[in-house]
Amino acid sequence: MASYKEIVTKAVIGKAKKTTTSSFTLAPNEKPDTVLGCWVINHSFRGKNNQGMVEVTGEFDINVWYSYDNDTKTTVSTGRYNYHDRMNIHLKDDAHLTDSSEIIVRSLKQPTVTNVGIENGIVKLDVEKELGIEVVGNTKLKVPVEDDEDEYEELFDEPEIEEIKEDYLS
């Protein structure tokens, strides 16, 4: 007959993803005529528990390549931007987000400029990103335990072979 034991272990107790679009502005040194390209680099982020919700803080650089001086010259202007996203992750089995919970954040879709325009010499940008969050916490497993004791295998010493003589056939 089997009895049961509880094992406490770490497991994913909540998992979610969220796509967000944020607006930013960039004021270049010259008055831009045309935006020729935009890209987002150096994306870094971290997640933490903030009063029972996951708060992700991150930052990235946006590079904007543009023409100016009646489209006769080009240059690149860069800006560093921060963001804060709060997410209410639904946890499994009535678990609770605590300070001992581990929060893992992954970028499922790198930040990308989805819309760009120029208004009064200011570049206006929309950036879209998708983050995946996993919350790791303590959970219990109930497993059956066999009452039968596992037998030991018995080992025997092998006999030593003496030196073989050359005339062993005679």
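Student: Would you mind going over the sheet that holds strand β5 (residues 102-119) in detail, with residue names and values included?
Tutor: A sheet is described by the order of its strands in space; here three strands give the open sequence β1-β6-β5, paired in antiparallel fashion. Each edge of the sheet is formed by a strand with only one pairing partner; in this case those strands are β1 (3-26) and β5. Averaged over all neighbouring strand pairs, the angle between strand axes comes to 10°, with direction disregarded.

Student: Can you explain the packing of aromatic side chains? Please cite residues and give values.
Tutor: Tallying each qualifying case throughout the model produces four aromatic pairs. A centroid spacing of 5.0 Å and a plane angle of 55° characterise the contact between F24 and Y81, whose relative ring orientation is tilted. Taken together, the positions of F24 in strand β1 and Y81 in strand β4 (residues 73-87) put the pair 57 residues apart, joining distant regions of the chain. Like F24, the residue Y81 is buried in the burial classification. Three or more aromatic residues link up through ring pairs in this structure, and these residues are F24, F60, Y81 and Y83. Over the aromatic face of Y83 sits the side chain of K129, whose NZ or CZ is 4.1 Å from the ring centroid.

Student: How would you sum up the side chain of T20? Please name residues and give values.
Tutor: Structurally, T20 is set in strand β1. In terms of polar contacts, T20 uses its side chain to reach the side chain of K129, at 2.8 Å. The residues contacting T20, other than those within four sequence positions of it, are D85, V127, E128 and K129.

Student: Kindly report on the sheet that holds β4, identifying the contributing residues and their values.
Tutor: As summarised here, the arrangement of the three strands in space is β2-β3-β4, forming an open sheet in which the pairing is antiparallel. Because the sheet does not close on itself, it has two edges, and the strands there are β2 (32-50) and β4. Direction aside, neighbouring strands of the sheet carry axes that sit 15° apart on average. Bridge count between strand β3 (residues 53-68) and β4: 15 bridges; the pairing is antiparallel. The residue of β4 that forms the bridge with V54 is M87.

Calculation criteria
Residues numbered from 1 in each chain as written. Predicted model: local features only at pLDDT ≥ 70, side-chain atom pairs only at ≥ 80, totals over all residues. Heavy atoms only, no water. Pairing = 2+ DSSP bridges. Helix = DSSP H or I, 4+ residues; strand = E, 2+ residues; numbered from the N terminus. Axes fitted to C-alpha atoms, helices over the stretch in contact; angles between N-to-C directions. Phe/Tyr/Trp six-rings, centres within 6.5 Å; stacked < 30°, edge-to-face > 60°. Buried < 20%, exposed > 50% of the residue type's maximum accessible area, 1.4 Å probe, protein only. Lys NZ or Arg CZ within 6 Å of the ring centre and 35° of its normal. Polar contact = N/O pair within 3.5 Å; in protein donor to acceptor, adjacent residues only side chain to side chain. Contact = heavy atoms within 4.5 Å.

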